[in-house]
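What follows is the residue order along each chain.
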Amino acid sequence: SGQIEVAKGGNATTTMMAVHTTISRQEFISRRLICFLGVRRISGKTDLSLNGGIIEGVWIFARHGDRTPSRSLCASHRKDEEASFWNSKLPPPDPLTALKKLSVYFPPNIHESNGEKFVDVSRSPFGFLTKIGIDQLSTNGRRFFLRYDNHGHRCPSTGRPDPNSFLHSWNIRAYSTNYLRTILSVQCFLDGLLSTRCYNPMSSLMPGDPLSDMQIGNIAPYVDVQVRDRTTDNLNAFDRNPELIETLVTEVVSAENFLKNDAKAAGLAARLANFLPGLVRPGRKTFGGPSGINWVEAADHFVCRASHGVRFSRFSEFENDSAAEKLLEAMEYQTILHLAWRFRQWYQYPPLLAEIAAPVLREVIEEVKETTELELQDRRPFFVYSCHDVTILALLYALGADFLADDEKGNWRYWPEYGSTLIFELVRTKDEIGRTLHVVRVLLNGKPIRVVNMLDQHEDTDSSSGSKHDYVGQGPMNMLTIACFEKVVSNLETVGGILHRSAS
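Definitions and cut-offs
- Residue numbers run consecutively from 1 along every chain, following the written order of its sequence.
- Residues qualify for local features only when their pLDDT is at least 70, as the model is predicted, and side-chain atom pairs are given and counted only at 80 or more; totals for whole chains, interfaces and linings, by contrast, use all residues.
- In computing side-chain values, all of the structure's heavy atoms are included and hydrogens and water are not.
- Helix numbers and strand numbers start at the N terminus; a helix is a DSSP run of H or I with at least 4 residues, a strand a run of E with at least 2.
- Type-normalised accessible area, obtained with a 1.4 Å probe on protein chains alone, sets the label of each residue: buried when under 20%, exposed when over 50%, and partly exposed for intermediate values.
- Working rule for contacts: check all heavy atoms of both residues, and any pair within 4.5 Å makes them a contact.
- As used here, the term nonpolar core means buried Ala, Val, Leu, Ile, Met, Phe, Trp, Tyr and Cys residues forming a set that is joined through side-chain atoms within 4.5 Å.
- Only Phe, Tyr and Trp rings take part, Trp by its six-membered ring, and two of them pair if their centres are within 6.5 Å. Stacked means planes under 30 degrees apart, edge-to-face means over 60, and tilted covers everything else.
- Whether a charge sits over a ring comes down to the Lys NZ or Arg CZ being within 6 Å of the ring centre and within 35 degrees of the ring normal.
- Salt bridges are identified by distance alone: a Lys or Arg side-chain nitrogen within 4 Å of an Asp or Glu carboxyl oxygen.
- Inter-axis angles, ranging from 0 to 180 degrees, are taken between N-to-C directions of lines fitted to C-alpha atoms, where helices are fitted over the stretch in contact.
- For classification purposes, angles smaller than 35 degrees are called roughly parallel, those larger than 145 roughly antiparallel, those between 65 and 115 roughly perpendicular, and all remaining angles oblique.
- In this scheme the crossing of two helices becomes right-handed for a clockwise turn of the near helix relative to the far one and left-handed for an anticlockwise turn of less than a right angle.
- Every helix has an expected span of 1.5 Å times one less than the residues it contains.
- A residue's bend is simply the angle between two axes: one fitted to the seven residues ending at it, one to the seven starting at it.
- Polar contacts, as counted here, are pairs of nitrogen or oxygen atoms within 3.5 Å of one another; within protein the pair requires one atom able to donate a hydrogen and one able to accept it, and residues that are adjacent in sequence qualify only if both atoms are side-chain atoms.
- We treat two strands as partners when DSSP finds at least two bridges between them.
- In this classification, Asp, Glu, Lys and Arg are treated as charged, Ala, Val, Leu, Ile, Met, Phe, Trp, Tyr, Cys and Pro as nonpolar, and every other residue, Gly included, as polar.

Q: Just checking my understanding: could you explain the overall build of the protein for this structure?
A: Secondary structure assignment for the protein yields 16 helices and 11 strands. For the protein, buried positions account for 53% of its 504 residues. Contacts spanning at least 24 positions in sequence make up 76% of the contacts within the protein whose residues lie at least 6 apart.

Q: Could you clarify how one ought to interpret the side chain of Thr335 in this entry?
A: Note on placement: Thr335 falls in helix H12 (residues 322-347). In this structure Thr335 comes out as buried when scored by relative accessible area, which is 0%. Contact partners of Thr335, with chain neighbours within four places excluded, come to Leu268, Leu272, Trp295, Ala298, Ala299 and Phe302.

Q: How should the nonpolar core be read in this particular structure?
A: Nonpolar side chains in soluble globular proteins tend to end up buried together. Ranked by size, the top nonpolar core spans 84 residues in total, and within it Phe61, Tyr347, Leu396, Leu422, Phe424 and Phe485 carry the most contacts. Leaving out residues up to four positions away in the same chain, Tyr347 has contacts with Phe238, Leu353, Ile356, Val390, Leu393, Ala394 and Tyr397. Membership of the second largest hydrophobic core comes to 45 residues, among which are Ala98, Val186, Leu194 and Phe382.

Q: In this structure, what is going on with the packing of aromatic side chains? I would like to understand it.
A: Remark: the centre distance and the inter-plane angle together describe each pair of aromatic rings, the angle taken between the planes. This structure, assessed with the given rule, holds 26 aromatic pairs. Plain terms: the ring middles of Tyr347 and Tyr397 are 5.9 Å apart, the flat faces sit at 55° to each other, and that makes the pair tilted. Here Tyr397 lies in helix H14 (residues 389-399) and Tyr347 lies in helix H12, a separation of 50 residues in the sequence. According to the relative accessible area criterion, Tyr347 is buried, its value standing at 2%. Owing to a relative accessible area of 4%, Tyr397 belongs among the buried residues under this scheme. Within the aromatic cluster, the residues linked to one another by ring pairs are Trp59, Phe61, Tyr175, Phe383, Tyr385, Phe424 and Phe485. Against the face of Tyr175 rests Arg228, its NZ or CZ located 4.2 Å from the ring centre. The ring of Tyr471 carries Arg450 above its face, with NZ or CZ at 4.0 Å from the centroid.

Q: What's the story with the pattern of salt bridges in this structure? I'm lost.
A: Think of it this way: side chains of opposite charge can pair up when their charged atoms draw near. For the coordinates displayed, the defined rule picks out 22 salt bridges. Arg240 is the salt-bridge partner of Glu355, the closest N and O atoms lying 3.4 Å from each other. Taken together, the positions of Glu355 in helix H13 (residues 350-371) and Arg240 in helix H7 (residues 237-240) put the pair 115 residues apart, joining distant regions of the chain. Just as Glu355 is buried, Arg240 falls in that class too. Put simply, Glu425 and Arg441 hold a salt bridge, and the shortest N to O gap is 2.8 Å. One end of the pair, Glu425, is in strand E8 (residues 421-430); the other, Arg441, is in strand E9 (residues 436-444), with 16 residues separating them in the sequence. We classify Arg441 as buried; its relative accessible area is 9%. Linked by salt bridges that have partners in common, Arg362, Glu366, Lys369, Glu486 and Glu493 make up one network.

Q: It is not clear to me how the packing of H13 against helix H15 (residues 482-495) should be interpreted in this structure. Could you clarify?
A: Each pair of packed helices can be summarised by the angle the axes make with each other and by the distance between the axes. Between H13 and H15, the shortest axis-to-axis distance is 8 Å and the interhelical angle comes to 150°. Taken together, H13 and H15 sit at an angle that is classed as roughly antiparallel. For the pair H13 and H15, the sense of crossing is left-handed. On H15, the residues that touch Pro350, Leu353, Ala354, Ala357, Ala358, Leu361, Arg362, Val364, Ile365, Glu366, Val368 and Lys369 of H13 are Ile482, Phe485, Glu486, Val489, Ser490, Leu492, Glu493 and Val495.

Q: Whenever I open this one, H12 confuses me. Can you help?
A: Side chains three or four residues apart in an α-helix point the same way, a direct result of the helix having 3.6 residues per turn. If you check H12, its first and last C-alpha atoms are 38 Å apart, about what 26 residues at 1.5 Å a residue would give, namely 38 Å. Most pronounced at Met331, the bend in H12 amounts to some 30°. Its side-chain oxygen at 3.0 Å from the backbone nitrogen of Ala323, Asp321 defines the N-terminal cap of H12.

Q: Mind showing me how you'd approach the pairing of E9 here?
A: As a general feature of sheets, a regular strand has side chains that alternate between the two faces. Most of E9 sits inside the fold, with seven of its nine residues counted as buried. As defined by bridge partners, E8 adjoins E9 across nine bridges and the pair is classed as antiparallel. If you follow Leu426 over to E9, its bridge partner there is Val440. Hairpin connection between E8 and E9: a loop of five residues separates the two successive antiparallel strands, and Gly434 in this loop has a positive phi of roughly 90°. Two strands pair when backbone bridges link them, and E9 and strand E10 (residues 447-448) are joined in this way by two bridges, in the antiparallel orientation. Bridging across to E10, Leu444 finds its partner in Lys447.

Q: Explain unusual backbone geometry here, please?
A: Note: most residues except glycine have negative phi, and most peptide bonds are trans. Look at the link from Pro92 to Pro93: it is a cis peptide, with omega at -10°. Tracing the sequence through the fold places Pro93 in the loop between helix H2 (79-87) and helix H3 (95-102). Put simply, Ser124 and Pro125 share a cis peptide bond, and its omega is 5°. The residue Pro125 is located in the loop between strand E4 (108-110) and helix H4 (131-151) in this model.

Q: Just to check I follow, could you spell out the packing of H13 against H14 for this structure?
A: Packing of H13 against H14 leaves a shortest axis separation of 9 Å and a crossing angle of 85°. In this view, H13 runs roughly perpendicular relative to H14, as classed from their interaxial angle. Contact residues: Leu353, Ile356, Ala357, Val360 and Leu361 in H13; Ala394, Leu395, Tyr397, Ala398 and Leu399 in H14. Along the lines of polarity and charge, the residues of the contact of H13 with H14 split into 10 nonpolar, no polar and no charged.

This is a description of form; function is not addressed.
Given below as structure tokens:
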């Protein structure tokens, strides 16, 4: 029949397919990628029943891709050796050349308040985006093109789907924190999204694959990457107001319960420091607590090495000691678990959570409301925010992601991986009597999440049960209506006291 039959729930690597021998290789691969994204085509048309409606706005918070450790933690006489190893993992010939090539179409527009240097370039090659990270974000961009080219708003007379028509349908904006790794990450995402092929050292596409023959028009630059005024930028509160954040963190880590539980990790911290002496150094920033080390840096050691298949003991004084390697393997989970616990305490403190997450959520909800008023021919917002793991985690807590609500089940141990995406989709659908209804769907790495009220222990709830686990969304499948989304943001601002701080 020339049709591909796809088993429900299948993906590009596990789905059984029956393909007519006359189908073209490009069409075959294109359909495989569409299947991977959960999109189904029937007789050349998109089956929107699988998507719940038309997507009319997209706001993507994307963690940067795979990177090298933020700093060397080995003994000083081995730092050069470790640096040489991580240099070999950077995009060739070097990250600044990659930046220059990508900036032809996606130039950084950095506000003068950020100074003349990126935040993360002083310890090269540590904290830099790797070749793996480049490929992660480019692949994400290609996947997102297919999803929103199929399910998204399309202006009239766009013709055959291609990057040009995508640009005519979507108002693409890109924002980033002032880090080389986040700017490069969003540039690579856009490069994959629009198939510009500015820089592609590890392309998984071969000639003849979908998107490989698509060409952008002659308008350049296509999208600039905005790094906004650091004193007002909603994307990174840690850089926007570091003194206030430090004060709020101090309030968390000085609490009796925090001190008691963090002290229990002091033994683990001491064992880690035996292998990683760089965890103990004068003037280090530990973010408080009796455990006495920077747990972000400790977790970094394990995550970065695991990503590149490197032994945990490499470049330490115990590099050839198999017993030491086993001890470090045993400490990996404990280290990441304690990091997740510490940030859980941070983000369960409403003043700190509101300062980090409320401004950017307010920005999104205001844009959502404006989008519902656009005319049919208007381009719809497609906004990408290149950020960090702690940003995505804060947004999940601020929303009240249901899997974070329960202390007992353990799902709160979640930590955003490299290349993770948190997406807000404005979806136009119909209610039960056929009236147009706009809802906001929230996706974490492509999977829908539902929102519960995690702040009601601090406020009066209008829920009939008053349960902390009541779902907030009143749309189909507990998706958020615009009014529900507005209430989530307003509650966070009120309970966190952000409006009071702004007024003062």
